[in-house]
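Single-letter residue listing:
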Amino acid sequence: MAKVETIVFLSLVLDLFAFTIPLPLFPRLIDWYTTREISDPNGFLSQTLRFVSTIRGLLYKPSLHSQKWDVVLLGGLMGSVFSMLQFIVSPRIGSLSDRHGRKKILLITMIGNILSALVWIKSTTFASYMLSRVIGGLSEGNVQLAIAILSDVTTPENRSKALAHVGIAFAICFCIGPPIGAYFASKPLPAANTFGIEFNVYAVPAIITLILLSVETVFLIVALPETRGKGIKPVESKIKSNGKPINGATRPKTNSPEQRMKILKSLRTLHLLFLGIFSGVEFTLTFLTFDLFDWDNKQNGMLIGSIGIISALLQGGYVRRATSNIGEGVMARRGVSSCALALVFLAILPNYVSTNLTLSRRLLQLGAVCMAFTSATVVNSLTAFASLQCDEGGFDTTTGKPAKTHPQLAKGKALGKFRSSGQLGRAIGPLIACASYWTVGPTYTYATGAVAMFALSMHMRKIAGK
């Protein structure tokens, strides 16, 4: 089991490095394409920008920088396209892995990821770059299949600890990947080595992405075993003196398939609502620091990086140990409550910028720490909770044949649908948050989000059991 956990963690690091490298480049890419294609009013980019400008005009009318905000909003739409495609394809990828094996489907998705990077290297038009994003959105399956693989090789008692590797990989790569992408964006291909072929202005980051994905694919071929159908038999939970299990995980075997499907449905709804709000906060945070503090890209990068570092430390030190004692539902609820508190700090902050700049920055720092705790807890805990409702699979101890599983409780399909719900939240959350931010301002936007998060936390009491 430990070997598979290490293999999955290393593959996630490679995959997420590749995923995070282009994130800081979206605005600059759009600027480059705009310079090249703006003279063609009927081109794909011109038509897309007109659509964005029309939508923006319905929501707010800035006196300055309207073209700049259109570019930012277009960057958000580009991210939403990726998440929306993930929403559509994730359940299908999960179902295919249940039928044909995790490793085989994972390697097929890696082919799509490599193709996406190849198209990016040569994408000299906005339409071709969007094609690479579409291919990537339809192909990305590493995270959800990594979760399914870890669920295959762990017992309910140690699953939360194993799935913490996913969150740690995210935190590490989101700290380091974007700066790497930004650094190599300033290193164009030497003209003498292009052999007269035109490449994307950021072909070097694209090539690095391609190398990372190729190395990951070879590594998976060589090192990863097939885990489907190799479930580990759960061990009996030890009982405290008060009659409750020492491990706080919810035991799926104590519930009927119908009850577990009902719990999974509730978890998908929570995942959707939480990520819809949280991703909106993440996306607008840099607008807040730009508008109120006039921060540059370096300062925003340090803020986001600090959130990632704190999140990784919390996951590696606190979350992995505490979850086994308090349970996945309670840990997730604590993270949601922390996000509500962060939104309270962010809602108050604008009122002190002009009168007490030091206090407003302290409020921003407190909000960042609370967001880091949220990042370290909610998604991983909800994912582990969802995995505990799935059939464990493996082999029947009496007959030696593969154990029967309920069609809706097979790990690949159930966890694919769970991830899909979160991707829908990531697709629509930033757009709604931007519309609210530019229409009613940050105070009302974050205050509304805080109320929604507190309500979500209260609703989770039933599932969390506390």
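Residues numbered from 1 in each chain as written. Predicted model: local features only at pLDDT ≥ 70, side-chain atom pairs only at ≥ 80, totals over all residues. Heavy atoms only, no water.

### Notes on the overall build of the protein
Phase 1: For the protein, the helix and strand inventory stands at 16 helices and 0 strands.
Phase 2: Within the span of the protein, comprising 466 residues, buried residues form 53% of the whole.
Phase 3: Residue pairs at least 24 apart in sequence account for 82% of intrachain contacts in the protein once pairs closer than 6 positions are excluded. (Helix = DSSP H or I, 4+ residues; strand = E, 2+ residues; numbered from the N terminus. Buried < 20%, exposed > 50% of the residue type's maximum accessible area, 1.4 Å probe, protein only. Contact = heavy atoms within 4.5 Å.)

### Thoughts on the pattern of salt bridges
Phase 1: Taken as a whole and judged by the stated rule, the model has 6 salt bridges.
Phase 2: Glu198 is paired through a salt bridge with Arg36; the nearest N and O atoms lie 2.7 Å apart. In this pair, Glu198 sits in the loop between helix H8 (159-185) and helix H9 (203-223) while Arg36 sits in helix H2 (residues 26-37), placing the two residues 162 residues apart along the sequence.
Phase 3: Assessed through its relative accessible area of 42%, Glu198 is described here as partly exposed.
Phase 4: Residue class for Arg36 comes out partly exposed when judged on its relative accessible area of 34%.
Phase 5: Counted as one network, the salt bridges with shared partners bring together Asp98, Arg102, Asp152 and Lys411. (Salt bridge = Lys/Arg side-chain N within 4 Å of Asp/Glu carboxyl O.)

### Focus: a nonpolar patch on the surface
Phase 1: There is a patch of nonpolar side chains on the surface, built from Met84, Ile88, Ile428 and Ile432 and spanning about 360 Å² of accessible area.
Phase 2: When contributions to the nonpolar patch are tallied by element, the ones reaching two or more residues are helix H4 (66-100) and helix H14 (411-440).
Phase 3: Relative to the helices and strands, Ile428 is located in helix H14.
Phase 4: Take Ile428: its relative accessible area is 35%, and that puts it in the partly exposed class. (Patch = residues over 30% accessible without salt bridge, like charges linked within 9 Å, V, L, I, M, F, W, Y side chains within 5 Å. Areas by Shrake-Rupley, 256 points an atom, 1.4 Å probe, with all protein chains shown as cover.)

### Structural notes on the packing of helix H10 (residues 257-293) against helix H13 (residues 357-388)
Phase 1: H13 packs onto H10 with a crossing angle of 155° between their chain directions and a minimal axis gap of 11 Å. Relative to H13, H10 is oriented roughly antiparallel. Two packed elements cross with a definite hand, and for H10 against H13 that hand is left-handed. Contacts between H10 and H13 involve Leu264, Leu267, His271, Phe274, Leu275, Phe278, Val281, Glu282, Leu285, Thr289 and Phe293 on the former and, on the latter, Leu357, Ser360, Arg361, Leu364, Met371, Thr374, Ser375, Val378, Val379, Leu382, Phe385 and Ala386. (Axes fitted to C-alpha atoms, helices over the stretch in contact; angles between N-to-C directions. Parallel < 35°, antiparallel > 145°, perpendicular 65-115°, else oblique. Left-handed = near helix turned anticlockwise from the far one by under 90°.)

### Notes on the packing of H2 against helix H6 (residues 126-139)
Phase 1: Axis separation between H2 and H6 bottoms out at 10 Å; the angle between their running directions is 150°. When H2 is examined against H6, the residues Phe26, Leu29, Tyr33 and Glu37 are found in contact with a partner set consisting of Phe126, Tyr129 and Arg133.
Phase 2: Here the residues of the contact of H2 with H6 sort into 5 nonpolar, no polar and 2 charged. (Nonpolar A, V, L, I, M, F, W, Y, C, P; charged D, E, K, R; others polar.)

### Quick word on the confidence of the model for the protein
Phase 1: Mean pLDDT for the protein: 84, with 87% of residues reaching 70 or above.
Phase 2: Averaged pLDDT values for the elements of the protein fall to 77 in helix H16 (residues 461-464) and rise to 96 in helix H12 (residues 328-348).
Phase 3: A low-confidence stretch, residues 234-253 stays under pLDDT 50, and its non-local contacts, those more than four residues away or across chains, total 43 contacts. (pLDDT = per-residue confidence, 0-100.)

### Focus on the environment of Ser214
Phase 1: Take Ser214: it is sitting in helix H9.
Phase 2: The spacing of Ser214 and Leu14 is 200 residues in sequence and 9.5 Å in space, taken between C-alpha atoms.
Phase 3: Side-chain polar atoms of Ser214 contact the backbone oxygen of Leu210, separated by 2.8 Å. (Polar contact = N/O pair within 3.5 Å; in protein donor to acceptor, adjacent residues only side chain to side chain.)

### With respect to the packing of aromatic side chains
Phase 1: One pass over the structure, following the stated rule, counts 13 aromatic pairs.
Phase 2: For the ring pair Phe293 and Trp295, a centre distance of 5.7 Å and an interplane angle of 35° mean the geometry is tilted.
Phase 3: The buried category is assigned to Phe293, whose relative accessible area is 9%.
Phase 4: Between Tyr437 and Tyr446, the aromatic rings sit 6.5 Å apart at their centres with planes inclined by 70°, giving edge-to-face as the arrangement.
Phase 5: A relative accessible area of 5% means that Tyr437 is categorised as buried.
Phase 6: Of the aromatic side chains, those joined through ring pairs into one cluster are Trp32, Tyr33, Phe44, Trp120, Phe126 and Tyr129. (Phe/Tyr/Trp six-rings, centres within 6.5 Å; stacked < 30°, edge-to-face > 60°.)

### A few points about H14
Residue pairs spaced three or four apart in an α-helix point in one direction, given the helix's 3.6 residues per turn.
Phase 1: In this model H14 runs 42 Å from its N-terminal to its C-terminal C-alpha over 30 residues, within 8% of the 44 Å that 1.5 Å per residue would give.
Phase 2: Residue Ile428 marks the point of greatest curvature in H14, where the axis turns by about 30°; the proline Pro430 follows within four residues.
Phase 3: Of all 30 residues in H14, 21 are buried, a share of seventy percent or more.
Phase 4: Just downstream of H14 lies Gly441, where phi reads positive at about 95°. (Expected span 1.5 Å × (residues − 1). Bend = angle between axes of the 7 residues up to and from the residue.)

### Let's talk about the environment of Ile172
Phase 1: Positionally, Ile172 belongs in helix H8.
Phase 2: Note: C-alpha distance between Ile172 and Ala312 (140 residues apart in sequence) is 6.8 Å.

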